[in-house]
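Structure at a glance
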There are 2 protein chains.
Amino acid sequence: MTAPKLHRSLIQNMEMFRALSDDELDRTLEHAQPRRLLPGDAVYRQGELAGYFFILLHGTLKVVQATAEGEQVVVRFVSPGDVFGIARMMRRPDYPATVLAVQESLVLAWPSSEWERMVAANPQLTGNALQTVGQRLQSAHSRIRELSTEEVEQRVARAILRLLDQSGRTSDEGRIEIDFPITRQDIAEMTGTTLHTVSRILSLWKERGIVENARKRVIVLQPDELIRYAEGAQGSRHPEPA
Amino acid sequence: MTAPKLHRSLIQNMEMFRALSDDELDRTLEHAQPRRLLPGDAVYRQGELAGYFFILLHGTLKVVQATAEGEQVVVRFVSPGDVFGIARMMRRPDYPATVLAVQESLVLAWPSSEWERMVAANPQLTGNALQTVGQRLQSAHSRIRELSTEEVEQRVARAILRLLDQSGRTSDEGRIEIDFPITRQDIAEMTGTTLHTVSRILSLWKERGIVENARKRVIVLQPDELIRYAEGAQGSRHPEPA
DNA sequence: CGTGAATTTGACTTTCCTCAAATGGTGTGG
DNA sequence: CCACACCATTTGAGGAAAGTCAAATTCACG
């Protein structure tokens, strides 16, 4: 009774496993379990013991942290190829956040204990993990800088540009769309504002022909204009007097 | 002509070098250069090539990031025993921030290239670094959560409590003081507000007997009250009607 | 179709920033 | 040792940005 075969092509191009030999990739996959998720399903929840770590193969996930008062903050969205749930690699016993599927998704799960074996066989894995965490620290500091010094419109522009960069799908005539369902509330939780303010900003941008809005979708018509806002152009919320 | 001897007791109790043998500690120290800093001196500046990494032996440093518009954000304060400047360990070529002495300080500097040798001899070092960076990521996320969901007074309370925890000096009768010079501007740059607002908040707290203020100093008389504010008690900025 | 979630929009309020000015403390050079 | 210059801090007044509260509207899905 063998588990269904997972071919190494699934993971061989992933950042974290770069430079692993074919043999080692195969050995690694022997301990991986695939899990399918439907929209809204949780991979794990904040506070649980970090028994597994994961790679996303397909779909999109949302990492959220809840505050003591029950509000939420979106930490990041996970794209295919990303590792997540690596608390134990940092010697943390529990998961610091909850991970939810926003689309149908497919992940590979490894028992956290497997990490030790993998590292023993492949010392540069720790270095890869360190690089990954270092990049996340970087982008967390960027967010802190933005939340500290920029206004809401600017932060929303940045957030959308970042999402386009990470998961943008180009359709006809330069229209770029965020390739997964995302609500105004989500954007608010990424930028430290309210869904009302996000809605107002998107409405304004629509009037100016910069975006098109739909339910759980954002379509950008003029990315260059968005870049201008992100870099601090005054949105001049109040139309100037004639 | 030998370099001045550095004894291993200087670094043997430090988180990053835990579990290194005495021999290895000695070997490590052979490549370390001590540097003395006066208040205001920079250890390195944002954007420089990350040629060295460091441990702080004595004093206090401030890590700051400048925005494109010239504003500043305080990333963290460095206390004795902390490692910093570890960009290269994360495979980043340059320093992402500037580090300034806020007091007379003493650091040990290693050429970044030394890291390779040390890791080769002591594989668990990478794990230690991963843990350290993981903790910083954690606390960056806490800050994002706070900036996104809390009001200024609450954030200032938290910032001060964190500083007390990190560098509090207890004097007589439960008075705790932040053990290095810190300005209202610094606190503002830690919490995403202005020095004016920080000043107003501290003045209010003084009226209520929670703190005592002096130039470049914060003395806390009632830490428990501060904890209440940090956890969301309404400061009720406007005194209630009689 | 109807039901509920997502979104939009308006009116009002609050928080906090900006601008301005005065005050207070420190260390330094004469 | 004192005076002055500079930095840090305080405080006030006014205004702007964004939150809150409330309600209507739209849309997708069952």
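Residues numbered from 1 in each chain as written. Chains lettered and ligands numbered in written order. Predicted model: local features only at pLDDT ≥ 70, side-chain atom pairs only at ≥ 80, totals over all residues. Heavy atoms only, no water.

With that settled, the discussion passes to the sheet that holds strand β12 (residues 217-220) of chain A. Each strand in a sheet pairs with its neighbour through backbone hydrogen bonds, running either in the same direction (parallel) or in the opposite one (antiparallel). Residue and element names in this part refer to chain A. The antiparallel open sheet is built from 4 strands, whose spatial order is β9-β10-β12-β11. Strands with a single pairing partner mark the edges of an open sheet, and in this sheet they are β9 (168-170) and β11 (211-214). Strand-to-strand twist in this sheet, taken as the mean axis angle between neighbours without regard to direction, amounts to 25°. (Pairing = 2+ DSSP bridges. Helix = DSSP H or I, 4+ residues; strand = E, 2+ residues; numbered from the N terminus. Axes fitted to C-alpha atoms, helices over the stretch in contact; angles between N-to-C directions.)

Mapping chain A onto chain B is achieved by rotating through 180° and translating by 0.0 Å along the same axis, at an RMSD of 0.0 Å. Between the two chains, the operation in question is that of a two-fold axis. (Least-squares fit on C-alpha atoms with pLDDT ≥ 70 in both.)

Here we come to the UniProt feature "domain: HTH crp-type" (unreviewed entry) in chain A. According to UniProt, the "domain: HTH crp-type" (unreviewed entry) feature falls on residues 150-224 of chain A. The distance from the first to the last C-alpha atom of residues 150-224 of chain A is 19 Å, and the span holds 52% helix and 19% strand. (UniProt positions renumbered as here; feature names shortened; annotations may be inferred.)

Residues and elements named next belong to chain B. What the rule picks out here adds up to 34 salt bridges over all chains. We note a salt bridge from R27 to E24, for which the minimum N-O separation is 3.1 Å. In this pair, R27 and E24 are both assigned in helix α1 (residues 22-30), 3 residues apart and thus about one turn of the helix distant. On the basis of relative accessible area, R27 is assigned to the partly exposed category, the value being 37%. Under the relative-accessibility criterion, E24 is labelled buried at 3%. (Salt bridge = Lys/Arg side-chain N within 4 Å of Asp/Glu carboxyl O. Buried < 20%, exposed > 50% of the residue type's maximum accessible area, 1.4 Å probe, protein only.)

Turning to the environment of B:R92, a few remarks are in order. As for its placement among the helices and strands, B:R92 is situated in the loop between β6 (83-84) and β7 (98-101). Look at B:R92 and you get partly exposed, because its relative accessible area is 23%. B:R92 sits 42 residues away from B:A50 along the chain, and the two C-alpha atoms are 8.0 Å apart. When neighbours within four sequence positions are excluded, B:R92 is seen to be in contact with A:Q138, B:A50 and B:A87. (Contact = heavy atoms within 4.5 Å.)

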